[in-house]
Amino acid sequence: MYVSDKIVLNNGFLTFPNIPKNTIIIITRHSTWLPAAHHHELTFPLLPVTMTIQTRITELLNIEHPIVMGGMTGVGTVELAAAVSNAGGLGMFAAHNACSPEGCRQWIRQMKRLVNDKPFGVNLTILPTMGTPPPYHEYAQVIIDEGVKVVETAGSNPKVFIQAFKKAGIITIHKCVTIRHALSAQRMGVDIIS
Ligand SMILES: Cc1cc2nc3c(=O)[nH]c(=O)nc-3n(C[C@H](O)[C@H](O)[C@H](O)COP(=O)(O)O)c2cc1C
């Protein structure tokens, strides 16, 4: 990322002339301060920098940045998920946002078209319901049939789903709000706790 070759010290504040607002500024330890002609002005060369953070998450999910999108009712759509994946994170839409297992299938296919080979996930929220629950098992089958590589479960005990996903070679994430649930998910063989 090339930022600027000039930085100005102005009444004790650093200012960066000629760069657009909201630009990320990275000063590397390779930068060298060079006094300029004007005593309020210091210049130094900034090197082009690319910054990557590698973690077990980036390795396991094969993503560029350790950023995983949370499944979100309503806003967790294909478009947002594709934007996250294309930016190097793990985009993830919530299966139920597609309204039906068949809708979920279409979203998975759309997602593949939007991100090419970039990794993405599907969130399967399995909340208990008062009335008839959504067809969670049908959603899970679609996820398996369509070759999704990463699934996040949330909202309830995911044991049967985790077993099915693991059998299909899918990387599993389970969202936990207590240590007890996290330990239980670990015993089930879940790969990642979120
Ligand atoms: C608007 C909204 C809707 C959400 N819906 C779901 C959902 O349907 N399923 C789910 O597993 N998590 C859902 N979440 C939880 C997020 O995925 C995430 O776990 C939570 O926001 C905590 O992450 P944060 O600390 O980065 O916000 C939702 C969060 C928000 C803000």
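Before reading further, recall that the structure is shown in the block above.
Here the structure is a predicted model, which means the values were calculated and not measured.

The subject of this paragraph is the pairing of strand 6 (residues 120-125). Where burial is concerned, most of strand 6 is hidden: six out of the six residues are buried. Side chains Phe120, Val122 and Leu124 project from strand 6 onto one buried face, and the interleaved Gly121, Asn123 and Thr125 project onto a second face that is buried too. Pairing of strand 5 (residues 91-94) with strand 6, which is carried by four bridges, proceeds in the parallel orientation. The residue bridging Ala94 from the neighbouring strand is Asn123, located in strand 6. Considered for its hand, the β-α-β crossover made up of strand 5, helix 3 (residues 101-115) and strand 6 is right-handed. Relative to strand 7 (residues 150-154), strand 6 runs parallel, the two being bridged by five bridges. Looking across to strand 7, one finds that Val122 is bridged to Val151.

Of the positions making up helix 5 (residues 159-167), those classed as buried are Phe161, Ile162 and Phe165. Looking down the long axis of helix 5, one finds its buried residues gathered within 100° of arc, a one-sided arrangement. In this fold, the buried residues of helix 5 make contact with strand 6, helix 4 (136-145), strand 7, strand 8 (171-174) and helix 6 (179-188). Positive backbone phi, approximately 80°, marks Gly169, located one or two places after helix 5.

Right, let's talk about the nonpolar core for a bit. Core analysis: the largest hydrophobic core is formed by 38 residues, its most contacted members being Ala81, Leu90, Val122, Leu124 and Ile143. For this core, the secondary-structure elements that each account for two or more residues are helix 2 (78-86), strand 5, helix 3, strand 6, helix 4, strand 7, helix 5 and strand 8. Examining the composition of this core, we find that five residues originate from one element, helix 4, more than from any other. Filtering out sequence-adjacent residues up to four positions away, Leu90 remains in contact with Leu61, Ile63, Val68, Met69, Val84, Ser85, Pro119, Phe120, Gly121 and Val150.

So, on to the site of the ligand. Close to the ligand lie Gly70, Gly71, Met72, Thr73, Gly74, Val75, Ala94, Asn123, Thr125, Ala154 and Lys175, which account for all nearby residues. Across the shell around the ligand, the residue classes tally to four nonpolar, six polar and one charged.

Okay, the pairing of strand 7 next. Residues in a regular strand project their side chains so that they alternate between the two faces of the sheet. For strand 7, the tally of buried residues reaches four of five residues, placing the bulk of the element in the interior. Between the parallel elements strand 6 and strand 7, the chain passes through helix 4 in a crossover that is right-handed. The sheet contact formed by strand 7 and strand 8 spans four bridges and is parallel. Counted as the bridge partner of Val151 is Thr172 from strand 8.

Attention now goes to unusual backbone geometry. In the Ramachandran plot, Asn62 falls in the positive-phi region, its phi being about 60° despite a non-glycine side chain. Residue classification places Asn62 among the partly exposed residues on the basis of 13 C-beta atoms within 10 Å. Of note, Cys99 is a non-glycine position whose phi angle comes to about 75°, a positive value. Among the structural elements, Cys99 can be located in the loop between strand 5 and helix 3.

Conventions used here
- As a convention, each chain's residues are numbered from 1 in the sequence order in which they are written.
- In view of the model being predicted, local features appear only for residues whose pLDDT reaches at least 70, and side-chain atom pairs are presented and counted only at 80 or more, with totals across whole chains, interfaces and linings using the full set of residues.
- The exposure label follows from counting other C-beta atoms within 10 Å of a residue's C-beta, where the C-beta atoms are placed from the backbone and the thresholds are 20 or more for buried and 12 or fewer for exposed, leaving partly exposed in between.
- Note on conventions: DSSP H or I runs of at least 4 residues are helices, E runs of at least 2 residues are strands, and numbering of each starts at the N terminus.
- For two strands to be treated as a pair, DSSP must find at least two bridges joining them.
- The definition of a right-handed crossover adopted here requires that, viewed with the strands pointing away, the path from the first strand over the helix to the second runs clockwise.
- It is the directions from the helix axis to the C-beta atoms that the arc portrays.
- Placing a C-beta atom from the backbone of each residue, one calls two residues in contact when those atoms lie within 7 Å.
- What we call a nonpolar core is a set of buried Ala, Val, Leu, Ile, Met, Phe, Trp, Tyr and Cys residues whose membership is set by joining through C-beta atoms within 7 Å.
- Any residue whose C-beta atom, as placed from the backbone, lies within 6 Å of a molecule or strand is termed near it.
- Charged residues are taken to be Asp, Glu, Lys and Arg, nonpolar residues to be Ala, Val, Leu, Ile, Met, Phe, Trp, Tyr, Cys and Pro, and polar residues to be all remaining types, Gly included.

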